[in-house]
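Read off the chains here:
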Amino acid sequence: MALYHKHRPQTFDTIIHQEHITTTLKNEITGDKVAHAYLFSGPHGVGKTTTARILAKSLNCKNRKADNPNPCDQCDSCKDISNSRSIDVIEIDAASQTGVDNVRENIIENAQFKPTLGKYKIFIVDEVHMLSTAAFNALLKTLEEPPQYVVFILATTDAQKLPATVVSRCQRFTFSRIPD
């Protein structure tokens, strides 16, 4: 296992130099005002996917207190998400799954089914800018009118390659470089 996987932050409070993002997300969670789609953009290695996983854990945590946005990191849901084996959190690497068939199989068909264990079915699409035009078009309908239990978290290092129709349907967060 890579070092950065082993020592990846597990709560919002352990994410460094992205307070402008974590504060907003924590307020949304405690205020029960979660968006249906998020766009995390920024350079490699600044915590986009890590933040997406923490957000997913917080939204589906069984033991999270209403006034605390951080996941407990002890319940089965938190452990399953940390170990990439949750059936309610679907992570897609768009760099290797760029086609419309992958979007249909992994997102559109799965979005029809309610979450099994958690409150939300969460789709984390990493390197989303790599999707083909046809894949973006297929995703757009579900992104426009998602079921109430679906949350999309799109992560990219190249936000300008995303169609404006996709960006306009997301709450956008721009991650900054972490200083030495």
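These notes cover the structure that comes with them. (Residues numbered from 1 in each chain as written. Predicted model: local features only at pLDDT ≥ 70, side-chain atom pairs only at ≥ 80, totals over all residues. Heavy atoms only, no water.)

### Considering the sheet that holds strand 2 (residues 89-93)
Spatially, the five strands line up as an open sheet ordered 2-3-4-1-5, and their pairing is parallel. The sheet terminates laterally at strand 2 and strand 5 (171-174), the two strands that pair on one side only. Neighbour to neighbour, the strand axes of the sheet diverge by 15° on average, direction disregarded. Taken together, the five bridges between strand 1 (residues 37-41) and strand 4 (residues 150-156) define a ladder with parallel strand orientation. Pairing of Phe40 across the sheet is with Ala155, part of strand 4. (Pairing = 2+ DSSP bridges. Helix = DSSP H or I, 4+ residues; strand = E, 2+ residues; numbered from the N terminus. Axes fitted to C-alpha atoms, helices over the stretch in contact; angles between N-to-C directions.)

### Comments concerning the nonpolar core
Counting 25 residues, the largest nonpolar core has Ile107, Leu131 and Phe152 as the members making the most contacts within it. Counting residues per element, this core draws most heavily on helix 6 (residues 133-144), at six residues. Residues contacting Ile107, with those up to four places away along its chain left out, are Ile92, Asn102, Phe123, Val125, Leu139 and Phe152. (Core = buried A, V, L, I, M, F, W, Y, C linked by side-chain atoms within 4.5 Å. Buried < 20%, exposed > 50% of the residue type's maximum accessible area, 1.4 Å probe, protein only. Contact = heavy atoms within 4.5 Å.)

### Overview of the packing of aromatic side chains
With the rule as written, the count across this model stands at five aromatic pairs. Ring plane angle 50° and centroid distance 6.3 Å describe the contact between Tyr38 and Phe40, whose orientation is recorded as tilted. The same class applies to Tyr38 and to Phe40, which are both buried. Ring pairing ties together the aromatic residues Tyr38, Phe40, Phe173 and Phe175, which thus form one cluster. (Phe/Tyr/Trp six-rings, centres within 6.5 Å; stacked < 30°, edge-to-face > 60°.)

### Re the pattern of salt bridges
Per the counting criterion, the structure on display carries nine salt bridges. Close ionic contact of Arg53 with Glu91 constitutes a salt bridge, the shortest N to O distance being 2.9 Å. Residue Arg53 is located in helix 3 (residues 48-60), and its partner Glu91 is located in strand 2; the two are separated by 38 residues in the primary sequence. Looking at Glu91, the relative accessible area reads 35%, which means it is partly exposed. (Salt bridge = Lys/Arg side-chain N within 4 Å of Asp/Glu carboxyl O.)

### Let's talk about helix 3
In this model, helix 3 (13 residues) spans 19 Å end to end at C-alpha, consistent with the 18 Å of a helix rising 1.5 Å per residue. Counting buried residues along helix 3, 13 of its 13 residues qualify, which places the element largely inside the surrounding structure. (Expected span 1.5 Å × (residues − 1).)

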